[in-house]
Amino acid sequence: MAIDLGGLLQQYLGAGAAQPVGNAPDHFQQVAQSAPADVISHGLAEAFRSDQTPPFGQMVGQLFSQGTPDQRAAMIKQLLGSLSPAAMSALAGSGALGSVATSASAAPASISPQQLTPTQVEQIAAHAEQHNPTIIDTMSNFYAQHTGLVQTLGSAALTIALAKIATRTRA
């Protein structure tokens, strides 16, 4: 059965985290199955940037904790790959990577997701955002391909994403 994407998104026009729509996770999944990935990615990026949601790093840490081993590995690859050598050295020196810091500064690809906690990933994501703000777009593109994982963000963040998707599809 086809969904009425326009009708579904209509209820999100003008919505925000202050008034999340109750079925946002289910609605997000329905929209994600019908809308183009770039539209989903844009909505997610806006939710990550919103001052009505937790900080980007915190949401990435949460998604990391819910991800499969393959998703976790891909997240780490995206985050660390966004850092310049100088930013990577600063991250390794900050203590955020704990005991994997030495291998990280030498070869970021050698970091296994099993070596990292969600809190460390939160710190890595915050560091990446500070040094390369386009990481939000990069991660949003990744999460647009893994919409089941994104559902774990909760109603407030998904309401913002759906509101941005609604605005973009209406334009």
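Nothing here was measured: the structure is a model prediction, and the numbers come from that model.

Cut-offs applied
- Residues numbered from 1 in each chain as written.
- Predicted model: local features only at pLDDT ≥ 70, side-chain atom pairs only at ≥ 80, totals over all residues.
- Heavy atoms only, no water.
- Helix = DSSP H or I, 4+ residues; strand = E, 2+ residues; numbered from the N terminus.
- Buried < 20%, exposed > 50% of the residue type's maximum accessible area, 1.4 Å probe, protein only.
- Contact = heavy atoms within 4.5 Å.
- Phe/Tyr/Trp six-rings, centres within 6.5 Å; stacked < 30°, edge-to-face > 60°.
- Lys NZ or Arg CZ within 6 Å of the ring centre and 35° of its normal.

K.L.:
Before we move on, could you go through the overall build of the chain and cite the residues and values that matter?
P.N.:
Summing up its helical and strand segments, the chain has 11 helices and 0 strands in all. For the chain, the succession of helices and strands along the chain, N to C, is α-α-α-α-α-α-α-α-α-α-α. For the chain, the residues scored as buried account for 46% of the 171 residues in total. In the chain, of all internal contacts separated by at least 6 residues, the share reaching a separation of at least 24 is 75%.

K.L.:
Go over the packing of aromatic side chains, please, and point to the residues and values.
P.N.:
Per the counting criterion, the structure on display carries 3 aromatic pairs. Ring centres of F48 and Y143 lie 5.8 Å apart, and the angle between their planes is 50 degrees; on these two criteria the pair is classed as tilted. Of this pair, F48 sits in helix α3 (residues 37–49) while Y143 sits in helix α9 (residues 135–144); the two residues are 95 residues apart in sequence, bridging distant segments of the chain. Note on accessibility: F48 and Y143 belong to one class, buried. Each ring, one from F142 and one from Y143, has its centre 5.2 Å from the other, and the planes form 70 degrees; the classification is edge-to-face. For F142, a relative accessible area of 10% gives the class buried. Aromatic ring contacts, followed pair by pair, group F48, F56, F142 and Y143 into a single cluster. Above the face of the F64 ring, R72 is positioned so that its terminal group lies 4.6 Å from the ring centre.

K.L.:
Let's hear about helix α4 (residues 56–66): which residues, and what values?
P.N.:
Where α4 is concerned, the buried positions are F56, G57, M59, V60, G61, L63 and F64. Summarising the contacts, the buried residues of α4 are in contact with α3, α5 (69–81), α8 (118–131), α9, α10 (147–150) and α11 (155–170).

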